[in-house]
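What follows is the residue order along each chain.
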Amino acid sequence: MIKAQQKPIAEIKALIAPYHRILILGCGTCVTISFAGGEKEVGLLASSLRIASAMEGQDKIFAEATVQRQCEWEFIDAVAEQIQQADAVLSLACGIGVQALAERYPDKVVLPGVNTTFLGMAVEHGVLVERCRACGDCILGLTGGVCPIARCAKNLLNGPCGGSQNGKCEVNPELDCAWQLIYDRLARLGQLDRLAALMPYKDWSKDYDGGPRKIVREDLRL
Amino acid sequence: MSNLSDRSTLPAEPLPPCQVACPAHTDVRGYIHAIARGDFEEAYRIAREPNPLPYICGKVCAHPCETECRRGDVDEPVAICALKRFATEQHDLSKGHAPGLTVAEPKEEKVAIVGSGPGGLTAAHDLARMGYKVTVFEAYPKVGGMMQYGIPLYRLPRETIDLETAPLKDLGVEFVTNQRVTDVDALLADGYKAVFLAVGSHVGRKLRIPNADLPDVWLNTEFLRRVALGEKIDLRGRHVLVLGGGNVAIDVARTALRLGAAEVSMTCLESCTTQPAHPWEIKEAVEEGVQMFHDRTFKEIVAENGKVKGVRCVKVNFRGFLPTGAPDMDEFPETEHVLPADLVIFAIGQGPDLSFLPQDGSIAQTPRRTIQVNPVTLATTKPGVFAGGDAVTGVGFIIDAIAAGHRAARSIDAYLRGLDPASVQPPEPQKLNDLQQKTISHIRHLKREEMPMLDVNQRKFTFDEVYLGYTEAQAIRAAHRCLTCGAGARVEETKCIACLTCVRVCPYEVPLLARGTANVPVDQCQACGICATECPAKAISMKLYSDEDMIKQIRDAVRKAKYNGEPAIVGFACRYCAYAGEDANVVKASLPANVQTIDVLCTGKVDALYLLKAFEFGADGVFVAGCLEGECHNDKGNVHAAKRVAYVKGLLDELALGNARLEMFHMSPDQCANMAEVVSTLITKVKELGPSPVRRS
Amino acid sequence: MKVGSNLEKVLTSGYFAATGELGPPKSADPGVIRHKASLLKGYVDAVNITDNQTAIVRMSSISVGIMLLQLGLEPTIQMTCRDRNRLAIQSDLLGAAAHGVKNLLCLTGDHQRFGNHPTARGVYDLDSIQLIQMVKTMRDEKKFACGEEMDVEPRFFIGAAENPFADPFDYRPYRLAKKIAAGADFIQTQLIYNVPKFKEFMKRVCDLGLHEKCYILAGVGPIKSVGMARYMQTSVPGMDVPEEIVARLKGVPKDQVRKEGIKQCADIISEIREIPGVAGVHVMAIEWEEAVPEILELAGLLPRPKV
């Protein structure tokens, strides 16, 4: 799922500074699961911002709402009235939700309250890690189910760099070296011979290097 | 986010086993929870609601609730009965026996109640509240029935009965004592539109064995009644043998002891493990010196010259009673022996005196010589006449009779309003399932509080009350053992996004994933509240409190704490630990007015939002007082609380409010008395920071 | 003979090669290059010029390589995958070749996080093995990475790096084989201080016959101080510095440490020369270039052969 982190309060305060009535709009799916923008976080942020507003002698008004998914028009429209009443919407959704709001309400100021961080999962409660870069050309079948694009700091395709030590990545010793994991997995699977094959140049055009991506399913289009 | 699911369409929730086991379905969990958090008046209110005799029940209820208590599957049952007694002792009677009790507009119809035992009193109470004119007829001089004439004084002081019956007079119930009703039809002819027969079971029985009619062969009921009526019976030097092993037999034996008997022994068919008396009654009797002879059948009262010498017994392996009423057992050959005694008291059972019923059989009897009723409505075979209690069921518990009194009152009201009495009886509640072994394995063991008692050497010579009642600290500790069954987390399925937070944080491994959402099985949840506080979707709520309630409490607390220019401090104090010591309520009351505490049962329930809200409402300082590390009632509630405090401290820094305004204290009950001192460390820091710049208009 | 560079000639003639390294300045000052070149000239078979080493911006490797050519030294330019995509790399290599650069060391590059522009975007369009492959295809097939053909191909003696001490240790010889398969003509290893472990690595390399398919130069370098030894031991990823290396430097008076470091380096070279399959040494004495002649003298590797 998409993982996100709330922005520092100082940054949010600066974003909302020009506005009086602010709707803090949470999203009930990915950002809720990543503890960044669900109904609970909306409440905590709203209370924090009310404190900030009162400390500065302002009388900003904060409304709170959470929709099931901000990345769908139909869900956003459920709070259309609250959006209309606000001077600005502080969205705690991922970048998709923020843009969906901006597109659906062209005259409304929409501000991001979180940083959309990565596609990943919780390996333990409170610990979220990146697992996918959405590169558009999955090679997990060749790498023992461990992605060197998302999990190797240098996207290496042909084995570990010289900085792999004790199974950890030199860039962040808290992270496992993806190639150590690939090596271990392939060893378990009896497929170490796969490592001998030269991996061809990656086709980055399927990633963002090919420009913004779009999927059209003509069979589904109405 | 989405509409709340419509609770009205949900099936009735299963109730805790204690509440289901209580014939009156008392909200046991409710009053124990109130005691646990120090709200004793609320506890009394809840205990009083379904029971017009809470003081009596607090002392002598047979408490079938405790047998069913699920804490018993962990270690020992919660001391429910003793806690009810504690709630009654804390109640300020000047506020009335039933504060807030409503009474309907007076009605014309008169109702007669025959018998003033718990069943009769309850029916009288309910019907009077409904507005009926109620007259209670009592054959003996005082009201109370078997409570007055059966239960020994050392278990139930008579002032307690007076205290419970007085309010009934205030409700307009008329008591006619010393009047044995002999003609039910005459009552109906006299203008009573309905009659409730609650005559109890006052006739003892003897076995037809040789010499059973000798003057020194007595009956349980008569003996206890004579003592209760104040007759001075001198048993000094006597050797008393009680035949029977039930609770009444124990009462008889212990009463005999108190009347000076030199030796008291009991004998019964049952073994020491199957004896029908409550184990604690047996234990107390034995402590006082009563001797028990189990596994015996009685063949003959041995007498010489009309003087009792003992009872000839044979050893048996008793397996229970056959449907005919005969014992199912084998006698062991050559085991015949005489248990010596010079006074024998039969205590093998008792039945109602039904001689007053109409001779024409219009009020039918059962083959067991009890009054025949419809079990749902308690209607007898005569229209307008209802019956309940021991006269219908044979000897039962007080609380059974109270339940019957309620049932009868509902039926009589329906009958008088031309409704079908069956239609007004509530359905039988559904009971929570048993705790699973996995859940049990995570529950902290807590020792049951011993009921303080008179010293055995002191008590066995007097009729002084044996049980002394809990101290406040004992009661709170005893209440903390309640698992608040069924009052736990509920998941709003439409909001749940199956993020698994609850599954991961539950210290009891209770939540499950089912059909794509989380499910917190109500029968396993321990109501610690951690999942509800951690749920990022706010999809989990708790039965006994809500964010709205808490936020309202916080707002009130901040307002009250703004006092005399001192820093306004709001604390969340754990009632399991930090705020559970001796005199916690006194400590609470003695804190300076600028320190307001909100009691919580485990700091795991303290949401990060609550801390922020306190600051939002203008608090200058906030603290959370939880248990010592490793001592949390819910294993990790205080750990979660400490983490939330740390998180909010970070926010306070980001807001430039100063993280020193918020503190987590870990305290044991012993340190409770130092609460003011502990809080003063926070006050000092807050003073250094100055008043909160958050000023609400 | 693929390219005909001095280094290639030394190696193909069977001499034990000795190469040096030159760190370009963090400025546009050509004087630094001239000075360092003067220290190394005549003592090594080729000079590696680092490419924004440790992700710190310095004068470009290719431009320094051209200066060395002008000064009469043979450069081995380095090229990392961190800062350039396949377009930029190919374009720069065409230019380098046009200027007469003949040796190229292909590297992935240190992660930008460790450098002086940690917020920069890392490119990593290719990895080092793909870079080797691309350069070989340009040289031997006269084709760009996209498959298009060219008239005049860049001819490089292709080098690659290998760290025998990184994990997974068992995989390292195979990774070396992969580099050779991709087109590496010579290998320069990470700094060797743990000689026994390197010996073990080389045994595996020889068992796979890799030493017959390319020339393996062991990386060596003098340590200036006990503090530096300790730092390399504990804080440089992929570095294996046994305790006795540190102890030897600690065992001499403080003013003798540098000298001892030089001696130690020469001793390591002598040990390494005995290991089968090792074709030479690559002496890395960054910002201490003047130590190189002394080390090689002590190791008995001077004078360098003229081939």
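Quantities reported herein were computed from a predicted structural model and do not represent experimental measurements.

About the criteria used
- Along each chain, numbering runs from 1 in the same order as the chain's sequence is written.
- To read the labels, note that chains go from A and ligands from 1, taken in the order they are written.
- Under the rules for a predicted model, residues below a pLDDT of 70 receive no local features and side-chain atom pairs below 80 are neither given nor counted, while totals for whole chains, interfaces and linings still include all residues.
- Side-chain measures were taken over the full set of non-hydrogen atoms in the model, leaving aside hydrogen atoms and water.
- By definition in these notes, contact holds between two residues if any of their heavy atoms fall within 4.5 Å.
- Simply put, the buried area is the total loss of 1.4 Å probe accessible area from both parts when two parts are fitted together.
- Polar contacts here mean pairs of N or O atoms no more than 3.5 Å apart (in protein, one a potential hydrogen donor and the other a potential acceptor; neighbouring residues in sequence count only if both atoms are side-chain atoms).
- Only runs of H or I of at least four residues qualify as helices and only runs of E of at least two qualify as strands under DSSP, and these elements are numbered from the N terminus.
- When DSSP finds at least two bridges between two strands, those strands are taken to pair.
- Fitted lines through C-alpha atoms give the axes, limited to the stretch in contact for helices. The angle between two N-to-C directions lies from 0 to 180 degrees.
- Any two cysteine sulfur atoms within 2.5 Å of one another count as a disulfide.
- Relative accessibility under 20% of the residue-type maximum defines a buried residue, over 50% an exposed one, and the middle range a partly exposed one, all with a 1.4 Å probe and only protein chains included.

Chemist: How would you summarise the interface of chain C and chain A if you had to cite specific residues and measurements?
Modeler: Residue-level contacts link 33 residues of chain C with 30 residues of chain A. Buried area between chain C and chain A, summed over both chains or domains, comes out near 2600 Å², and the portion from carbon and sulfur atoms is 52%. The largest share of the area that chain C buries against chain A comes from Asp 167, Tyr 171 and Lys 178 of chain C, three residues that together contribute 21% of it. Between chain C and chain A we count 18 residue pairs in polar contact (both at pLDDT 80 or more) in total. For the side of chain C that touches chain A, the secondary-structure elements that each account for two or more residues are helix H5 (128-141) and helix H6 (172-182) of chain C.

Chemist: Break down the sheet that holds strand S8 (residues 278-283) of chain C for me, citing the residues and quoting the values.
Modeler: A barrel is described by the order of its strands in space; here 8 strands give the closed sequence S1-S2-S3-S4-S5-S6-S7-S8 (chain C), paired in parallel fashion. Direction aside, neighbouring strands of the sheet carry axes that sit 30° apart on average.

Chemist: Please set out the state of the cysteines residue by residue, giving values where relevant.
Modeler: All names here are of chain B. Applying the stated criterion across every chain yields a total of 0 disulfides over all chains. Sulfur of Cys 57: no disulfide; nearest cysteine sulfur belongs to Cys 61 and is 4.7 Å away. Cys 268 carries a free sulfur, and the closest cysteine sulfur to it, the one in Cys 272, is 9.4 Å from it. Overall, the relative accessible area of 3% leaves Cys 268 in the buried class.

Chemist: Any chance you could break down the sheet that holds strand S1 (residues 110-114) of chain B for me, citing the residues and the numbers?
Modeler: Residues and elements named next belong to chain B. If you trace the 5 strands from one edge of the open sheet to the other, you get S3-S2-S1-S4-S16, paired in parallel fashion. Each having just a single partner strand, strand S3 (174-176) and strand S16 (385-387) make up the two edges of the open sheet. Within this sheet the neighbouring strands show an average axis-to-axis angle of 20°, counted without direction. Note that S1 and strand S4 (residues 192-197) share 5 bridges and pair parallel. Across the sheet, Ile 113 pairs through a bridge with Phe 196, a residue of S4. Against the sheet, helix H15 (residues 398-416) contacts S1, S4 and S16, and its axis sits at roughly 160° relative to S4.

Chemist: Which residues make up unusual backbone geometry, and what values go with them?
Modeler: Asp 167 of chain C connects to Pro 168 of chain C through a cis peptide bond whose omega is -10°. The amide bond that connects Leu 302 of chain C to the next residue, Pro 303 of chain C, takes the cis arrangement and shows omega of -5°. With respect to the helices and strands, Pro 303 of chain C occurs in the segment after helix H11 (291-298). Phi at Ala 498 of chain B takes a positive value of approximately 55°, unusual for a residue other than glycine. Note that Ala 498 of chain B resides in the loop between strand S17 (489-491) and helix H19 (501-505). One non-glycine residue, Ala 656 of chain B, lies in the positive phi region at around 60°. Inspection of the secondary structure assignment puts Ala 656 of chain B in the loop between helix H24 (637-654) and strand S24 (662-667). Given a relative accessible area of 62%, Ala 656 of chain B falls into the exposed group.

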